[in-house]
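Coordinate analysis (summary)
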Amino acid sequence: MKDAFLLVNRNIKERKARSALTILGITVGIGAVIALMSVGYGMQESITGQLTEMADLIMVMPGRMDFETAYMELGSFDERDLKDVERIKGVKEAAAMMAEMFETEYKGEKFMVEIVGVDPGDIGALFGKVVKPEEGRYVRENDHKTCTIGYSIAKDYFDDEIGVNDRITINGSKFRVVGVLKKQGGFRSEVDSQIYVTKRDSVTILDNEDISEIFVRVRDIGKAEEIADEIEERINDNHKVDDFASAMTMGSSIKRLESVFGILQVVLIAIASISLIVAAMGIMNTMLMSVMERTHEIGVMKAIGAKNRNILFLFLLEAGMVSLVGGVFGCIVGIIAAKAISFGIVTKFGVEITAIVKPEVLLGAVVVAMLVGVLSGLYPARKASKMSPVEAVR
Amino acid sequence: MIRTENLTKVYRMGAVEVQALRDVNLEIKDGEFIAIIGPSGSGKSTLLNLIGCLDKPTSGAVFIDGINTGKLSENGLAEIRREKIGFIFQQFNLIHTLNALENVALPMFFAGVRHEIRMERAEELLAKVGLGDRIHHKPSEMSGGEQQRVAIARALSNDPEIIIGDEPTGNIDTEAGNAIMDILEGLNHEGRTIIVVTHDAEIAARARVTKRMRDGSVL
């Protein structure tokens, strides 16, 4: 066995450039598969991971949320809806949000920003355990004209950064900043661009008490779907309109996203596999050329007593070794490429994605590489093994 | 003992049939040293290929130690070549990626001999043909005569009873050629059957029996 390796190794080294190119083909193919899979897993993890943190949340919005028709009728909820939702069994807490875009000014600069009014007592329902102040605090019940601002509002919107105790002007009224929220990004990136004020203050700016969204936290995540259905039913009854409210659980979003990512993964792998098929043809080509070139040598080996299976084995071993080396290099290239791609995504889009390189993917890739190598080496190897020993003496 | 019975070989080249051997009946006893001479195209090499189990006859048969080689499978033929026959070619036919030692050990590799034993025996054989100091040289670093001596060592590696040489001195100078013949004579003295094809009368003269061929027949 050791000598078979030696023999094959010599043959590979004999044709350095060609072997290197064949190995490179496999390396690129395997590298592409690994990189795309790892980035895919990373994306999936970063998104579903964030959603899992919010799994106990039901978002209730007026109008119909329908992905197929994209139809959405805007309306608003009222106090009665909120009270009814709070009374549903299994609901831990519910928070009403009043939101509208208003002109916001800081040191002469003006932007349209979404102002969210919320009852300070409901902050827990709204933010759950994940949205926390980076500095300062949330707005409080007894505050007057205060606000807690999103991370982007504080750092990115205005030329000057806004900190705690700075004053901003919302729709003509001065508000004191009491807190800056931690950066959220991803699925909660809208939090970064919002300004939170107390419900009482929001009523004065908004000039109405319409509720634009209700955030519901459930006690048992397993019952979220049931509760969501009940919420829709109650609010629809209140307004005597079917489909007046849509309640969306994060659990269903996670499932939906996972299936989307499943499809995405398959598509990515399919694309990457094309390069693997090209690499397989490369191996077959190299091996066929090698068989042609070594017609004489194969004849000699047979003349001195090699059986068909000896020759078959040697050629398969060569194909296997070339693809094994390609597979291992492919793993290295794939890991580096995955890190580079996720780094690129992070710097370009600001989305936090860490490529996840699973050991089973690496192992699978090497096995696939070997399989591709041996399968594409099979035809040339059979051809070689069937050669006549008379070739040696021609 | 080697015996041929109405051995006939016809090559087909497109529409043309070439009768390379016609009803050859030949008997070569064990321990014989036979030279087959004749002009090129007379069928010498074809006869040698059939005796050496490299090729199959169109009709007739070759018996080696009573075995009808025409009845053997490809694997069976490979085994006969491996165990009973050692080949020496005009072009040496060494594997150029392997050094002398590895070339000599190759037939034993196919025979499944253990690595250590193989290497030891290969070294002994190289010493026997006078190349004990060149075992790690590649064929490209050796003269024609040296390469042919490596080829002889290789032919001996599975200790065959029969050594077949197709113009073994055809590609080397006279002096080296004589050295090759000395070695072959020595092997004959050990009791091995030596069959050599040549068109060099001087070389043929060193054999104990000479057979002349013409137009596919042994005269």
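Fair warning: this is a prediction, and the values are worked out from it, not measured in the lab. (Residues numbered from 1 in each chain as written. Chains lettered and ligands numbered in written order. Predicted model: local features only at pLDDT ≥ 70, side-chain atom pairs only at ≥ 80, totals over all residues.)

Across its full length, chain A holds twelve helices and ten strands. The C-alpha atoms of chain A give 32 Å as radius of gyration, which overshoots the globular expectation for 394 residues (21 Å, by more than 25%). Looking at chain A as a whole, 40% of its 394 residues are labelled buried. Of all intrachain contacts in chain A linking residues separated by at least 6 positions in sequence, the fraction that spans at least 24 positions is 80%. (Helix = DSSP H or I, 4+ residues; strand = E, 2+ residues; numbered from the N terminus. Rg over C-alpha atoms; globule rule 2.2 N^0.38 Å. Buried ≥ 20, exposed ≤ 12 C-beta atoms within 10 Å, placed from the backbone. Contact = placed C-beta atoms within 7 Å.)

What chain B contains, in helices and strands, is seven helices and ten strands. By the compact-globule yardstick of 17 Å for 219 residues, chain B fits well, its C-alpha radius of gyration being 17 Å. Projected onto the principal axes, the alpha-carbon positions of chain B cover approximately 50 × 40 × 35 Å. Going through the 219 residues of chain B one by one, you find that 50% of them count as buried. Of the contacts formed within chain B by residues at least 6 apart in sequence, a portion of 70% connects residues at least 24 apart.

A word on the interface of chain A and chain B. Across the boundary between the two partners, chain A contributes 19 residues, which contact 24 residues of chain B. Sorting the residues of the side of chain A that touches chain B by element identifies α1 (2-14), α10 (295-303) and α11 (308-349) of chain A as the ones contributing at least two each. Looking at the side of chain A that touches chain B, its residues break down into eight nonpolar, four polar and seven charged. (Nonpolar A, V, L, I, M, F, W, Y, C, P; charged D, E, K, R; others polar.)

This part covers the domain arrangement of chain A. All names here are of chain A. Split into domains, chain A comes out as domain 1 (2-50 + 276-393) and domain 2 (92-218). Across the contact, six residues belong to domain 1 and four residues belong to domain 2. Along the lines of polarity and charge, the residues of the side of domain 1 that touches domain 2 split into two nonpolar, three polar and one charged. (Domains from an automatic or database assignment.)

Once that is clear, we can look at the nonpolar core. Judged by nonpolar contacts, the single largest core of 116 residues is most densely connected at Val33 and Ile34 of chain A together with Val104, Leu126 and Ile195 of chain B. When residues no more than four places from it in sequence are discounted, the contact partners of isoleucine 34 of chain A are Gly330, Cys331, Gly334, Ile335, Ala338, Val361, Leu362 and Ala365 of chain A. Counting 52 residues, the second largest nonpolar core, distinct from the first, contains Leu57, Ala99, Val131 and Cys147 of chain A. (Core = buried A, V, L, I, M, F, W, Y, C linked by C-beta atoms within 7 Å.)

Let us now look at the sheet that holds strand β5 (residues 67-68) of chain B. Residues and elements named next belong to chain B. Across the sheet, four strands lie side by side as β2-β1-β4-β5; this open sheet has antiparallel pairing. A single partner strand is all that each edge strand has here, and the edge strands are β2 (16-28) and β5. Direction of pairing for strand β1 (residues 2-13) relative to strand β4 (residues 59-64): antiparallel, over a ladder of five bridges. From the neighbouring strand, glutamate 5 faces β4, where its bridge partner is alanine 61. (Pairing = 2+ DSSP bridges.)

Glancing now at the packing of helix α3 (residues 100-111) of chain B against helix α5 (residues 144-155) of chain B. Residues and elements named next belong to chain B. Taken N-terminus to C-terminus, the directions of α3 and α5 make an angle of 30 degrees; their axes are 7 Å apart at the nearest point. Taken together, the axis directions place α3 and α5 in an arrangement best described as roughly parallel. Seen along the crossing, α3 lies across α5 with a hand that is right-handed. Along its contact with α3, which presents Ala100, Asn103, Val104, Leu106 and Pro107, the element α5 presents Val150, Ala153 and Arg154. Residues belonging to the contact of α3 with α5 are distributed by class as follows: six nonpolar, one polar and one charged. (Axes fitted to C-alpha atoms, helices over the stretch in contact; angles between N-to-C directions. Parallel < 35°, antiparallel > 145°, perpendicular 65-115°, else oblique. Left-handed = near helix turned anticlockwise from the far one by under 90°.)

Let us look at the packing of helix α2 (residues 16-53) of chain A against helix α9 (residues 250-293) of chain A. Residue and element names in this part refer to chain A. At a closest axis distance of 8 Å, the pairing of α2 and α9 adopts a crossing angle of 180 degrees. Viewed along their axes, α2 and α9 adopt a mutual orientation that is roughly antiparallel. Partitioning the contact of α2 with α9 into residue classes produces 21 nonpolar, 13 polar and two charged.

Attention now moves to unusual backbone geometry. If a residue is not glycine, its phi is most likely negative; likewise, a peptide bond is most likely trans. All names here are of chain A. Positive phi outside glycine occurs at lysine 145, with the angle close to 55 degrees. Phi angles above zero are rare outside glycine, and asparagine 171 is one such case at about 50 degrees. Mapped onto the elements of the fold, asparagine 171 is located in the loop between β6 (167-170) and β7 (173-181).

If a strand is regular, its side chains alternate between the two faces of the sheet. Residue and element names in this part refer to chain A. Relative to β7, strand β4 (residues 133-136) runs antiparallel, the two being bridged by three bridges. Paired with glutamate 135 across the bridge in β7 is valine 180. Judged from the four bridges that link them, β6 and β7 form a sheet pairing that is antiparallel. Residue pairing across strands places isoleucine 170 opposite serine 173, the latter belonging to β7. Here β6 hands over to β7 after two residues, with asparagine 171 in that stretch at a positive phi of 50 degrees.

Burial within α3 of chain B is extensive, with eleven of its twelve residues counted as buried. Turning to α3 of chain B, its buried residues are Ala100, Leu101, Glu102, Asn103, Val104, Ala105, Leu106, Pro107, Met108, Phe109 and Phe110 of chain B. At its buried positions, α3 of chain B is contacted by α1 and α11 of chain A together with α2 (74-83), α4 (115-128) and α5 of chain B. At the C-terminal side of α3 of chain B, glycine 112 of chain B shows a positive phi close to 80 degrees.

As a general point, the strands of a sheet are linked pairwise by backbone hydrogen bonds and lie either parallel or antiparallel. Residues and elements named next belong to chain B. Across the sheet, six strands lie side by side as β6-β7-β8-β3-β9-β10; this open sheet has mixed pairing. Looking at which strands have only one partner, the edges of the open sheet turn out to be β6 (85-88) and β10 (217-218). Here two bridges tie strand β9 (residues 209-214) to β10, and the two strands are oriented antiparallel to one another. Counted as the bridge partner of methionine 213 is valine 218 from β10. In the packing of helix α1 (residues 44-51) onto the sheet, the strands contacted are β3 (33-37), β7 (162-166), β8 (193-198) and β9, and the crossing angle to β8 comes to about 155 degrees. With respect to the sheet, helix α6 (residues 174-189) is in contact with β3, β7 and β8, its orientation differing from that of β8 by roughly 150 degrees.

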